[in-house]
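For reference, the chains in residue letters:
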Amino acid sequence: MTIAETIHDKLQNAFAPTALEVVDESHLHAGHMGSRPEGETHFRVTIVSAAFTGVSRVQRHRMVHEVLAQELRDRVHALALQLRAPEET
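What you are looking at is a predicted structure, and each value in this text was computed from that prediction instead of being measured.

With a phi angle near 40°, A16 is a residue other than glycine that sits in the positive phi range. Relative to the helices and strands, A16 is located in the loop between α1 (3–15) and β1 (19–24).

Structure representation (structure tokens):
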């Protein structure tokens, strides 16, 4: 299973989103700090979930970082997040 698939599955299970997109942008960061030749280090994630209703932007990020703690510690260097509640779309 790829890192992108792992991220997708964990976020799907944690937030039951109505929309979820995980994009591997590692190729855009080749040669930059944290990049690896095999890729899968830089991701852009968009989530729309009721779990974010009434939750601050900072807390939303903390929630996602908690779910992906292992990946962020071991493999993922950068994670760009767009986190919205359904009424914000």
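The next point concerns the pairing of strand β2 (residues 42–48). Regular strands place side chains that alternate from one sheet face to the opposite one. Here β2 lies mainly inside the structure; 6 of its 7 residues are buried. Bridge analysis of β1 against β2 gives 6 bridges, and the strand direction is antiparallel. If you follow L20 over to β2, its bridge partner there is I47. Pairing analysis gives 7 bridges linking β2 to strand β3 (residues 78–84), with the strands arranged parallel. Bridge pairing in β3 links V45 to L81.

Moving on to the nonpolar core. Formed by 18 residues in total, the largest nonpolar core has its most connected members in I7, L11, F43, V45, I47 and V64. Broken down by secondary-structure element, the contributors of at least two residues to this core are α1, β1, β2 and β3. Sort the elements by how many residues they give to this core and α1 lands first, with 5 residues. Setting aside anything within four residues of it in sequence, one finds V64 in contact with L11, F15, I47, F52, L79, L81 and L83.

Attention shifts here to the confidence of the model for the protein. Residues with a pLDDT of 70 or more make up 85% of the protein, whose mean pLDDT is 90. Within the protein, no element has a lower average pLDDT than helix α3 (residues 69–74), which sits at 95, and none a higher one than helix α2 (residues 57–67), at 98.

Pairing is mixed across the open sheet formed by 3 strands, whose spatial order is β1-β2-β3. Edge positions in the open sheet fall to β1 and β3, since each of these has one partner strand only. Taken over all neighbouring pairs, the strand axes of this sheet differ in orientation by 10° on average, direction set aside. Of the strands in this sheet, β1 and β2 are in contact with α1, which crosses β2 at around 25°. α2 rests against β2 and β3 of the sheet, and its axis sits at about 125° to β3.

Under the defined criterion, the tally for this structure stands at 3 salt bridges. Note that K10 is salt-bridged to E71, the shortest N-O span being 2.9 Å. One end of the pair, K10, is in helix α1; the other, E71, is in helix α3, and 61 residues separate them in sequence. We classify K10 as partly exposed; its relative accessible area is 29%. Its relative accessible area of 9% is what places E71 among the buried residues. Salt-bridge contacts for E88 lead to R60; the nearest nitrogen and oxygen are separated by 2.8 Å. Separated by 28 residues along the polypeptide, E88 in the segment after β3 and R60 in helix α2 bring together distant segments of the chain. Overall, the relative accessible area of 7% leaves R60 in the buried class.

About the thresholds
- Residues numbered from 1 in each chain as written.
- Predicted model: local features only at pLDDT ≥ 70, side-chain atom pairs only at ≥ 80, totals over all residues.
- Heavy atoms only, no water.
- Helix = DSSP H or I, 4+ residues; strand = E, 2+ residues; numbered from the N terminus.
- Buried < 20%, exposed > 50% of the residue type's maximum accessible area, 1.4 Å probe, protein only.
- Pairing = 2+ DSSP bridges.
- Core = buried A, V, L, I, M, F, W, Y, C linked by side-chain atoms within 4.5 Å.
- Contact = heavy atoms within 4.5 Å.
- pLDDT = per-residue confidence, 0-100.
- Axes fitted to C-alpha atoms, helices over the stretch in contact; angles between N-to-C directions.
- Salt bridge = Lys/Arg side-chain N within 4 Å of Asp/Glu carboxyl O.

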